[in-house]
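These are the residues of each chain, in order.
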Amino acid sequence: MLYTKYRIAPAVIPLVLFTGTILILFLGGVLNILTEATYVLFGIGLLAFCRAVYLFFRDRSLFSGILSPGAVFFAAGSAFFILMLQDEIFLHYDNFSHWGLIVKELFQSGSLPGESSIITYTTYPPGSALFAYYIVSFTGFSESMALIAQAILITGALTPLFLFCTWKKPVHAAAALFIPAVLLMVNSSSIFSLLVDPLLGYIAAAAVVTAYYYRNDWKTMGVLLFPMLSALVLIKDSGKIFLAFTVLWMIALLIRYLWKYGRGWKETCHSMIWSVGWTILFPLVFNLLWSRYIEQAYNTSEYEDSKFAITEETLTDIDKSPEFIDNLLPMVVNAGLDFSSPLVQGMVLADIAVLLTVVIVKIKAGRIPLSLLYTALTANIFYVIYIALLYLMYLYLMPEVEAEYLAGFDRYQSSVVIFSTGIMMVFTIRTWMEQAGESFWNWITASAAVLAGLLVFIPYTGEIQAFFHQENSEAAPRKAASSLLTDLRQEEPISENTRLTIINDLGESDRGFLRHLMRYERMTASTFVHTQCSTGEHQEQLTTDTEKSGYLMVIQITSEMQECLDEASDVEVDDPGLYRIEEGTITSTIQTEDG
């Protein structure tokens, strides 16, 4: 319907619709009508679809217009991810600590998290989770469907990168396939999780490309970027950085527009109103709504208590050792410029592809492709700024115990690498498309576009295995723990308030993996996890938790752990399985159907 009525470029429509869906559901959640908003939105979409089918059959020429390379990529990419992810489950730690947990919470409660919610990272915005919730609302909740929903959102964010492709230059359009191939490999294993760091880069790159595509139509640009940029701040707090990057890009486009088409103060003010109003004001309004929602839902200013809160205290009191402060800057610089990293190699090769393109075009056409040159310069400046901001985050906001090993650096870096590499590749291939002319030179430019894409892809070939096959050794206990919980539910009348003690004797901490997993599985915090019993403190805590529990679940146990349990047990706890606890004493085993 958007295409038939407004002739919006088909490649940008999926992302506009998906980010618009996020905004509508967010408003519905704030107004406490999330379920109603979901079904009303679906109903409107269904009516629009029926109307579009009627219009397309009445005017068959609409098919040829909407089936652009971008639209075909979106359809094919969505189908590919549906087939690829249909049997996958969550394994990544962060799915259980938050990103998968909130989708399940939204599905079960039909509302945004509040005081009674199991969510612990209360200040994390719910943007991408709302889109996954929208899909599972109609399909039923499953982990594979949540992964598929996010993958379709990612596909929609990659589709605008094909805005400049046409069927008249099929080889150039095929070369553009290297762009999503490279960007998906930057954080290849993330496709099996609901982590949002790569998603920020995809959407921000799409926004920059869309802004340039509509650089002479500021009204359309503002309307299309409004949902994209608003969604950025609702997906993660660091989305504000990419919002700022996009706004700076738009300001440069505005200066170019006024320089080239200056038409007096009236036109100037009109352009500024659309650019500033739609792309800055509205995202900040949505951010304000989320902040106010947190205050009301939790009856407190939770933001100031969050790990990465930016407050006067965090900015004036650096709670770090002098040795750490001295070493931090070299650590961040070395990580950001680590040439053994595929991310840095890909950035460098994208720069090389740009420089070679500029030189060849200058020799061939006698002019410098300024849009490509400025884009590459901007992308590299944004990368440096982003790494500098990461330095400030580790210095001021992150606890020293995590900051000393740059916790999460690869994830954070992936966002800006996707963004910077993506826009450089788009403009490189676009430049070669513009140079296509007579038959012979057309083949030369097409080959150059393909080689440019292949060049940037080379560092990521080692990531292909991780992209197609989910592997996570840290998640090994999940299968056993989930199976035992299922058996317990079948054999005993447990509720969400029934307290369980779990033993997975690793001899060391599992960094909270089982604790978060059981919170996700049970949607309650009534589970105690023990992975070692090597000190008196460990034994005391184990005894306390056992006294509070009704059941014991053993995944793995050693003789050392058995000794810790002897005083509180009437039976020998020496095998994995389920045990009853009565008044603090382990009284019997629970026999299940499979023994």
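Relevant structure appears above.
Residues numbered from 1 in each chain as written. Predicted model: local features only at pLDDT ≥ 70, side-chain atom pairs only at ≥ 80, totals over all residues. Heavy atoms only, no water.

Quick notes on the state of the cysteines
What the rule picks out here adds up to one disulfide. Here C533 connects covalently by a disulfide to C564, the sulfurs 2.0 Å from one another. Since a negative S-S torsion denotes a left-handed disulfide, the C533-C564 link at about -100 degrees is left-handed. Remark: C564 occurs in helix α26 (residues 559–566) and C533 occurs in the loop between β2 (527–530) and α25 (536–548); sequence separation between them is 31 residues. For the pair C533 and C564, a shared accessibility class is recorded, and that class is buried. (Disulfide = S-S within 2.5 Å. Helix = DSSP H or I, 4+ residues; strand = E, 2+ residues; numbered from the N terminus. Buried < 20%, exposed > 50% of the residue type's maximum accessible area, 1.4 Å probe, protein only.)

Brief notes about helix α13 (residues 239–261)
When the terminal C-alpha atoms of α13 are compared, their 32 Å separation across 23 residues agrees well with the 33 Å that a helix rising 1.5 Å per residue should span. Turning to α13, its buried residues number three or more, namely G239, F242, L243, F245, T246, V247, W249, M250, L253, L254 and Y257. (Expected span 1.5 Å × (residues − 1).)

So, the pairing of strand β5 (residues 585–589)
Sheet topology note: the strand β4 (residues 577–582)/β5 ladder contains four bridges and is antiparallel. Each residue of the ladder has a partner; that of R580, found in β5, is S588. Here β4 folds back onto β5 in antiparallel fashion, the turn holding two residues, of which E583 has a positive phi close to 55 degrees. (Pairing = 2+ DSSP bridges.)

Quick word on the sheet that holds strand β3 (residues 551–556)
Overall, mixed pairing links the five strands, which are arranged β2-β1-β3-β4-β5 in an open sheet. Unpaired on one side and paired on the other, β2 and β5 mark the two borders of the sheet. Each strand of the sheet is rotated relative to its neighbour by a mean of 25 degrees, with strand direction disregarded. (Axes fitted to C-alpha atoms, helices over the stretch in contact; angles between N-to-C directions.)

Quick word on the packing of helix α5 (residues 69–85) against helix α8 (residues 143–158)
The N-to-C vectors of α5 and α8 enclose an angle of 160 degrees; their axes lie 9 Å apart at closest approach. Considered as vectors, α5 and α8 are oriented roughly antiparallel to each other. Handedness of the α5/α8 crossing: right-handed. On α8, the residues that touch F73, F74, G77, S78, F81, I82 and L85 of α5 are S144, L147, I148, A151, I152, T155, G156 and L158. Of the residues assigned to the contact of α5 with α8, the class counts are ten nonpolar, five polar and no charged. (Parallel < 35°, antiparallel > 145°, perpendicular 65-115°, else oblique. Left-handed = near helix turned anticlockwise from the far one by under 90°. Contact = heavy atoms within 4.5 Å. Nonpolar A, V, L, I, M, F, W, Y, C, P; charged D, E, K, R; others polar.)

As for helix α7 (residues 127–139)
Over its 13 residues, α7 runs 19 Å from end to end, which matches the ideal 18 Å to within 8%, given 1.5 Å per residue. Along α7, ten of the 13 residues are buried, which leaves the element largely enclosed by surrounding structure. Those residues of α7 that fall on the buried side of the exposure criterion are G127, S128, A129, L130, F131, A132, Y133, Y134, V136 and S137. Along its buried surface, α7 packs onto α2 (13–30), α3 (34–58), α6 (93–109), α8, α11 (197–213) and α12 (218–235). Residue G140 follows α7 closely and has a positive phi angle near 90 degrees.

Observations regarding the nonpolar core
Among soluble globular proteins, nonpolar side chains are generally buried collectively. One finds Y202, F242, Y394 and F419 to be the most contacted residues of the largest nonpolar core, which totals 178 residues. Per-element accounting of this core gives the leading share, 14 residues, to helix α20 (residues 409–435). Sequence-distant contacts of F419, defined by excluding residues within four places in its chain, comprise G201, A204, A205, V208, F242, F245 and F382. Within the second largest apolar cluster, 13 residues are counted, among which are I557, V573, I581 and I586. (Core = buried A, V, L, I, M, F, W, Y, C linked by side-chain atoms within 4.5 Å.)

Some words on unusual backbone geometry
Although it is not a glycine, N32 sits at a positive phi angle of roughly 65 degrees. Phi at R511 is positive, roughly 60 degrees, even though this residue is not glycine. Take R511: it is sitting in the loop between β1 (500–504) and α24 (513–522).

Remarks on the pattern of salt bridges
What the rule picks out here adds up to seven salt bridges. For K240, the salt bridge identified is with D237, shortest N-O distance 3.2 Å. Judged by relative accessible area, which is 33%, D237 ranks as partly exposed. Residue E492 pairs with R580 through a salt bridge whose shortest N-O separation is 2.7 Å. Placement of E492 in the loop between α23 (477–491) and β1 and of R580 in strand β4 is noted, with a sequence separation of 88 residues between them. Looking at R580, the relative accessible area reads 27%, which means it is partly exposed. Linked through salt bridges whose partners overlap, the residues forming this network are E143, R478 and E521. (Salt bridge = Lys/Arg side-chain N within 4 Å of Asp/Glu carboxyl O.)

Side note on the side chain of E105
With respect to the element layout, E105 can be found in helix α6. One buried charged side chain, E105, makes no salt bridge at all; its nearest oppositely charged neighbour is R519, positioned 8.7 Å away. Once residues lying within four places of it in the same chain are set aside, the contact partners of E105 are G110, S117, I118, I119 and M523. (Lys, Arg positive; Asp, Glu negative; His and termini not counted.)

Here we look at a negative patch on the surface
Together, E560, E563, D566, E567, E572, D574 and D575 make up a region of like negative charge exposed at the surface. Turning to its location among the elements, E567 is positioned in the loop between α26 and β4. (Patch = residues over 30% accessible without salt bridge, like charges linked within 9 Å, V, L, I, M, F, W, Y side chains within 5 Å. Areas by Shrake-Rupley, 256 points an atom, 1.4 Å probe, with all protein chains shown as cover. Charge placed at Lys NZ, Arg CZ, Asp CG, Glu CD.)

Thoughts on the packing of aromatic side chains
For any pair of aromatic rings, the description rests on two quantities: the centre-to-centre distance and the angle between the ring planes. Evaluated as defined, the whole model comprises 38 aromatic pairs. Here W218 and Y257 contribute two aromatic rings whose centre-to-centre distance is 6.1 Å and whose plane-to-plane angle is 65 degrees, an arrangement assigned as edge-to-face. Remark: Y257 occurs in helix α13 and W218 occurs in helix α12; sequence separation between them is 39 residues. For the pair formed by W218 and Y257, the shared burial category is buried. (Phe/Tyr/Trp six-rings, centres within 6.5 Å; stacked < 30°, edge-to-face > 60°.)

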